[in-house]
Amino acid sequence: MNDTSSPFPPNAAAAHARLAEFALHAGADYAKKRNFDLGAGAHRHVSTLSPYLRMKVLDEADVCRAVLSRMDPRDADKFIAEVWWRTYWKGWMEQRPAVWAAYRDDLTRLHNEVQTQSGLRARWEAACLGQTGIKPFDHWAQELVQTGYLHNHARMWFASIWIFTLELPWQLGADFFLRHLLDGDAAVNTLSWRWVAGIQTRGKTYLADAGNIAKFTDGRFVGTQGLAQNAAPVSAPPPPERQPLPEITPYAGAPADRVGLLLHSDDLGAPFLERIGVTPASVAFLDCTAAQSPWQSAPMVVEFRTALARDVWPHVQILDTEDGIHSWVEEQGLDHIVAPHAPVGSARSALRRHRKTDKTPVSEVRREIDSAAWPLATAGFFKFRKHIPDLLDRFAG
Ligand SMILES: Cc1cc2nc3c(=O)[nH]c(=O)nc-3n(C[C@H](O)[C@H](O)[C@H](O)COP(=O)(O)OP(=O)(O)OC[C@H]3O[C@@H](n4cnc5c(N)ncnc54)[C@H](O)[C@@H]3O)c2cc1C
């Protein structure tokens, strides 16, 4: 990936520069224009910070602090709420991991059906290649594959057309996104697709409308024909009971221990190192992108994530499968692994599988902001939203 031409340079300096520049526009500008999708290279009404937030090169507190240092909280209300939507989805999924497990089971079944049912395979391929004949949909499929990003409104329209017009299973669409989005996230992506399908807010679906697409693409796609006129909610079992956040094993090694720091695509950040006061003997990055789908993920996503890891930790050792953890521990003579907490998703599954086959103790460290905010995702976002002022006082003051 070429740093100068990519819209998402894989380095922390670019993330901080983008935040500093966008923070000036996070007020009325954002509230008024954020729904306009002007196309690749012109996403100037939104921050495009998500690939960096996804890997925690920035966290929600960093973003809110930067914005609130430049404007009154009331002016930034809309933007701040969107930032906390991410936290809300993460917390919701963290307390209901069975939703991710069910999605993964569905995907295994659908992977088999795509291989064995030629009709389904042809419709799925046409959608992924952007060859359905629905002009804006085909455009977004190609924009996603080429750039690794889609505007939020385009994601909503795309998911709606996928489910209600093309009548394809929502799980296959979520998988297509996860394989291509630089910000592809197990919780945010799965729950957003469920939301469009009418599963997440039960009975409330999102129907893409030709007039709305024409208006909010600034006339780029006028008179789209053939869109579904109704969106009956997709049937699904009710959500599982909420369960507490997983226990984490605090680091309690001896001072002479050789500690390995194991980063992964859910957290590249460093603040926990200061808290536990260890100097790692070795640093590794476990890239779990390949494990997130039965199909191959886009090389662009893997390259972005590993390049960002190398930028933040210049001497990092890249491990592309969990089998690499064992060799890393052996080669480096490690007594203990410390890792940032891995939320629901492929990094958590990889760490769990590793623990079953290797006795080296692994301690996870969860960020305070996540420990505080995630349990607040008890019901809908509007209940969660009431806690935002407190969270801002505590973490972004
Ligand atoms: C079907 C579908 C799938 C999605 N999949 C993902 C995904 O895999 N990963 C992901 O990070 N976001 C996902 N989103 C949410 C949202 O589209 C993106 O976070 C947003 O478009 C990122 O662009 P931005 O950084 O320019 O957003 P901005 O509008 O500038 O918002 C700033 C930040 O707030 C957060 N945010 C904004 N909107 C949302 C939202 N609706 N839900 C949750 N967080 C939000 C993001 O972290 C974002 O970077 C999905 C939305 C839909 C409808």
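Residues numbered from 1 in each chain as written. Predicted model: local features only at pLDDT ≥ 70, side-chain atom pairs only at ≥ 80, totals over all residues. Heavy atoms only, no water.

A. Focus on the packing of aromatic side chains. As enumerated under the stated definition, the model contains 28 aromatic pairs in all. Centroid distance Tyr 103 to Trp 170: 5.9 Å. Interplanar angle 25°. Geometry classified as stacked. In this pair, Tyr 103 sits in helix H6 (residues 98–116) while Trp 170 sits in helix H10 (residues 170–180), placing the two residues 67 residues apart along the sequence. The same class applies to Tyr 103 and to Trp 170, which are both buried. In textbook terms, an aromatic cluster arises when at least three aromatic residues are bridged by ring pairs, as seen for Trp 85, Tyr 88, Trp 89, Phe 381, Phe 382 and Phe 384. Seen from the ring of Tyr 149, Arg 155 lies directly overhead, with NZ or CZ sitting 5.4 Å from the centre. (Phe/Tyr/Trp six-rings, centres within 6.5 Å; stacked < 30°, edge-to-face > 60°. Helix = DSSP H or I, 4+ residues; strand = E, 2+ residues; numbered from the N terminus. Buried < 20%, exposed > 50% of the residue type's maximum accessible area, 1.4 Å probe, protein only. Lys NZ or Arg CZ within 6 Å of the ring centre and 35° of its normal.)

B. Local environment of the domain arrangement of the chain. In terms of domains, the chain is made up of domain 1 (12–94 + 374–395), domain 2 (98–216) and domain 3 (259–365). Here domain 2 and domain 3 have C-alpha centroids that lie 29 Å from each other. Residue-level contacts link 23 residues of domain 2 with 16 residues of domain 3. The tally of links from domain 2 across to domain 3 stands at zero salt bridges. Listing elements by their share of the side of domain 2 that touches domain 3, those giving two or more residues are H6, helix H8 (135–147) and H10. Examining the composition of the side of domain 2 that touches domain 3, we find that seven residues originate from one element, H6, more than from any other. (Domains from an automatic or database assignment. Contact = heavy atoms within 4.5 Å. Salt bridge = Lys/Arg side-chain N within 4 Å of Asp/Glu carboxyl O.)

C. Representation of the site of the ligand. Close contacts around the ligand come from 28 residues, with Tyr 30, Ser 47, Thr 48, Tyr 149 and Asn 152 the closest. Ser 50 places a polar main-chain atom, nitrogen or oxygen, 3.1 Å from an oxygen atom of the ligand. Protein contacts shield 96% of the accessible area of the ligand, which totals 830 Å² for the unbound molecule. If you list the elements that add at least two residues to the shell around the ligand, you get helix H3 (50–54), helix H5 (77–94), helix H9 (152–165) and helix H11 (186–197). (Near = heavy atom within 4 Å. Polar contact = N/O pair within 3.5 Å; in protein donor to acceptor, adjacent residues only side chain to side chain. Areas by Shrake-Rupley, 256 points an atom, 1.4 Å probe, with all protein chains shown as cover.)

D. How the structure looks around the packing of helix H7 (residues 118–129) against H8. With their axes 7 Å apart at the nearest point, H7 and H8 run at an angle of 70° to one another. Here H8 runs roughly perpendicular to H7, going by the angle between their axes. Taken together, the residues of H8 that come into contact with H7 (itself represented by Ala 127, Cys 128 and Leu 129) are Phe 137, Ala 141, Gln 142 and Val 145. Each residue belonging to the contact of H7 with H8 can be placed in one class, and the counts come to six nonpolar, one polar and no charged. (Axes fitted to C-alpha atoms, helices over the stretch in contact; angles between N-to-C directions. Parallel < 35°, antiparallel > 145°, perpendicular 65-115°, else oblique. Nonpolar A, V, L, I, M, F, W, Y, C, P; charged D, E, K, R; others polar.)

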